[in-house]
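Next come the chains, spelled out residue by residue.
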Amino acid sequence: MSLVQQNVTTIKNFVGGSWIESTTNEYQDVLDPATGNCIAKVPISTFVDVNKAVEVAETAFHNWKKVPVPKRARILFKYHQLLTDNHEQLAELVTKENGKSYKEAFGEVLRGIECVEFATGAPSLMMGDNLSTIATDIDSQFFRYPIGLVAGISPFNFPMMVPCWMFPIAIACGNTFILKPSERTPLLANRLAELLKEAGLPDGVFNIVHGAHDVVNGLIDHDQVKAISFVGSEPVAQYVYKSAAAKGKRVQALAGAKNHHIVMPDADRKTAIQNIISSTYGSAGQRCMACSAVVAVGESADAFLEAFKHEVDKVKMGNGLNDDVILTPMIREENKKRALAYIDKGIAEGAVLLRDGRKDMKHFSEGNFLGPTIFDHVTPDMSIAKDEIFAPILSVIRADNLHEALEIVNHSRFGNSATLYTDSAKAVRQFREEAEPGMLGVNVGVPAPMAFFPFSGWKNSFFGDLHVNGKDGVAFYTRKKMITSRF
Ligand code: NAD
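Values in this document were obtained by computation on a predicted structure and should not be read as measured data.

Visitor: Describe in detail the sheet that holds strand β5 (residues 38–43), supporting the description with residues and values.
Guide: Across the sheet, 3 strands lie side by side as β1-β5-β4; this open sheet has mixed pairing. Lying at the two open borders of the sheet, with one neighbouring strand each, are β1 (9–10) and β4 (27–31). Taken together, the 5 bridges between β4 and β5 define a ladder with antiparallel strand orientation. Bridge pairing in β5 links leucine 31 to cysteine 38.

Here it is, written out as structure tokens:
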């Protein structure tokens, strides 16, 4: 596999179709998580940079909203083709800046491309509705319109997929867009912008302002920004939701998670083990849909755990660009330190450290590696059961039956996803009816919905009303106008 040749360049903002240097004096290193090498410098942009982008995107909106919807969709068809043609290069870039394995990155790019595929349906998706003779001689109809300039703020863990949850539908619906990518993974976003320009998107419709808090606060403060899509950790999601809503904006804020996998005694053990390994340790556990807690049900739990640990011992750890690697580095040194502190906490809280991933670290002189870690006999009130650790650390909680397992799942303040491993239709029905997470899996390791359905976290995993993707995404980025007529 060829490496993406990435010189240490200072990356620029993308405003009005041009690459613009930020007005800031502050830059951060973008580090390759597998080596610690600096691969680029990202500007921590200022309010001045935000103001400029807002002005440009606001001006572009007045023309873009008038472009016929099928014409907007055709640009996205071209974009879809360009993304597909560059699939491998985009995946390599994701691996380079995020650290996840090339296979995972390839899958992520595909998930992003599917969002563009969905957005090409804008002419049908944006259709309104009507009813003749709603009253005597009166007809009613509604049309959908874009809402204006909208902004997206994304996390480090899906540099391709998460922005693609946002801007393709937003621009297909006639809005203009400002993206603030994670300052830890800013490179992929710039490649997305280059390809949008190549696809023929008019200047100013899609813009990028790199940076951190100041850019986020600048976007929240601007009256011209009509909606904000946020994806990131729970405290920041809450903050963005509250402060942007207080400014009268539409907000969808997707947040953290603690995802449970319930293993029933009748589960296909091989399937459950392979799925849990890939869900827990893939991307070093840094996925909002990662399994971070197993609820092992019944007396077969011991046999299950023994077989599970045996397979975990075989997990290959290393640079995501190497073949067959499952466990890749964590994004930054401080994330690894935080994970190590949770191992100490788990031990102090009385959980049994069944597999200590710290011992695997000695094989790596560089990079933020932590080996697969398993805690057994965890109880629901321990911090390792409650908190999102976002690391390759699994908590195993024991339960006597499905009812007890569901109580454990629903005890969590998060509600992103849960999976049940079983052959029993009755158990599946009980799981579907009683489990509180908004995305459920049955014998599936990562039950992430595809772009055609909403990404539906519940409880503290989501702040807002309309979710990203699917018809929710279209509703979020449009507003309706009703006409009642008598002739
Ligand atoms: P993060 O909250 O640190 O950062 C997310 C974005 O917010 C970044 O662009 C960052 O620059 C910005 N930001 C950070 N702190 C801020 C502050 N104080 N004020 C204003 N802006 C701020 O999240 P992360 O570490 O990049 O990503 C991991 C988190 O994202 C995890 O909690 C994960 O569960 C969550 N996530 C959730 C979903 C979902 O669908 N629910 C998907 C992906 C990631």
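Visitor: Break down the site of the ligand for me, with residues and values.
Guide: The immediate surroundings of the ligand are formed by 28 residues, with Pro155, Gly232, Ser233, Gly256 and Cys288 found nearest. Along the lines of polarity and charge, the residues of the shell around the ligand split into 15 nonpolar, 10 polar and 3 charged.

Visitor: Tell me what's going on with the environment of valine 446, and back it up with residues and numbers.
Guide: Within the secondary structure layout, valine 446 lies in the loop between β20 (439–442) and β21 (458–459). A residue is classified by how many C-beta atoms lie within 10 Å of it, and valine 446, with 19 of them, is partly exposed. Through-space distance from the C-alpha of valine 446 to that of serine 278 is 8.7 Å; in sequence the pair is 168 residues apart. For valine 446, the contacting residues outside a window of four places in its chain are Ser279 and Met289.

Visitor: Before we move on, can you summarise the UniProt feature "active site" (unreviewed entry) in the protein chain with the specific residues and values?
Guide: This chain's UniProt record puts "active site" (unreviewed entry) on Cys288. Among the secondary structure elements, cysteine 288 is positioned in the loop between α10 (269–281) and β14 (291–297). By C-beta crowding, cysteine 288 is classed as buried, having 26 other C-beta atoms within 10 Å. Excluding residues within four positions of it along the chain, cysteine 288 makes contact with Gly256, Ala257 and Asn416.

Visitor: Now, about the packing of helix α2 (residues 69–85) against helix α6 (residues 161–172): what can you tell me, with residues and values included?
Guide: Axis separation between α2 and α6 bottoms out at 9 Å; the angle between their running directions is 145°. Of the residues in α6, those touching α2 at Arg72, Ala73 and Leu76 are Pro168, Ile171 and Ala172. Each residue belonging to the contact of α2 with α6 can be placed in one class, and the counts come to 5 nonpolar, no polar and 1 charged.

Visitor: Outline the pairing of β5, listing residues and values.
Guide: Here β1 runs beside β5; their pairing, made up of 2 bridges, is parallel. Residue threonine 9 lies in a different strand from β5, and its bridge partner there is alanine 40. What sits between the antiparallel neighbours β4 and β5 is a turn of 6 residues, in which glycine 36 has the positive phi angle 80°.

Visitor: Would you mind going over helix α9 (residues 234–246) in detail, with residue names and values included?
Guide: For α9, built from 13 residues, the straight-helix expectation of 18 Å at 1.5 Å per residue is met to within 8% by its first-to-last C-alpha distance of 18 Å. All of the buried residues in α9 are Ala237, Val240, Tyr241 and Ala244. The buried residues of α9 occupy an angular sector of 100° when projected down its axis, which confines them to one face. Residues of α9 that are exposed and point more than 90 degrees away from the buried face comprise Pro235 and Ala246. In the core, the buried residues of α9 are packed alongside β8 (149–153), α8 (213–221), β11 (225–231), β12 (250–254) and β22 (462–464).

Visitor: Break down the nonpolar core for me, with residues and values.
Guide: Formed by 91 residues in total, the largest nonpolar core has its most connected members in Phe177, Ile228 and Val240. For this core, the element with the most residues is α6, which contributes 10 residues. In this view, phenylalanine 177 contacts Ala57, Val150, Gly152, Phe167, Ala170, Ile171, Val205, Phe206 and Asn207; residues no more than four positions away in its chain are not counted. Counting 64 residues, the second-largest nonpolar core is a separate cluster that includes Tyr342, Phe375, Val409 and Ala427.

Visitor: If you had to explain the sheet that holds strand β7 (residues 138–146) to someone new, which residues and values would you point to?
Guide: Overall, antiparallel pairing links the 3 strands, which are arranged β6-β7-β23 in an open sheet. Each having just a single partner strand, β6 (129–135) and β23 (478–486) make up the two edges of the open sheet. Averaged over all pairs of adjacent strands, the angle between their axes in this sheet comes to 25°, without regard to strand direction. Bridge count for β6 against β7 is 4 bridges, and the pairing is antiparallel. Note on β7: the bridge partner recorded for alanine 135 is isoleucine 138.

Visitor: Give a description of unusual backbone geometry that names residues and reports values.
Guide: Of note in the backbone geometry, aspartate 137 takes a positive phi value of approximately 65° without being a glycine. Take aspartate 137: it is sitting in the loop between β6 and β7. For aspartate 137, a count of 9 C-beta atoms within 10 Å gives the class exposed. A positive phi is found at histidine 377, a non-glycine position, where the angle reads about 55°. Along the chain, the position of histidine 377 falls in the loop between β16 (373–376) and α13 (383–386). By the C-beta count within 10 Å, which is 13 here, histidine 377 ends up partly exposed.

Visitor: Lay out the environment of threonine 10 in plain terms, naming residues and giving numbers.
Guide: Counting through the fold element by element, threonine 10 comes out in strand β1. Residue classification places threonine 10 among the exposed residues on the basis of 11 C-beta atoms within 10 Å. C-alpha separation for the pair threonine 10 and aspartate 29, spaced 19 residues apart in sequence, amounts to 9.3 Å. Sequence-distant contacts of threonine 10, that is, excluding residues within four places in its chain, are made with Tyr27 and Lys41.

What counts, and where the lines are drawn
- Residues numbered from 1 in each chain as written.
- Predicted model: local features only at pLDDT ≥ 70, side-chain atom pairs only at ≥ 80, totals over all residues.
- Pairing = 2+ DSSP bridges.
- Helix = DSSP H or I, 4+ residues; strand = E, 2+ residues; numbered from the N terminus.
- Near = placed C-beta within 6 Å.
- Nonpolar A, V, L, I, M, F, W, Y, C, P; charged D, E, K, R; others polar.
- Buried ≥ 20, exposed ≤ 12 C-beta atoms within 10 Å, placed from the backbone.
- Contact = placed C-beta atoms within 7 Å.
- UniProt positions renumbered as here; feature names shortened; annotations may be inferred.
- Axes fitted to C-alpha atoms, helices over the stretch in contact; angles between N-to-C directions.
- Expected span 1.5 Å × (residues − 1).
- Arc of directions from axis to C-beta.
- Core = buried A, V, L, I, M, F, W, Y, C linked by C-beta atoms within 7 Å.

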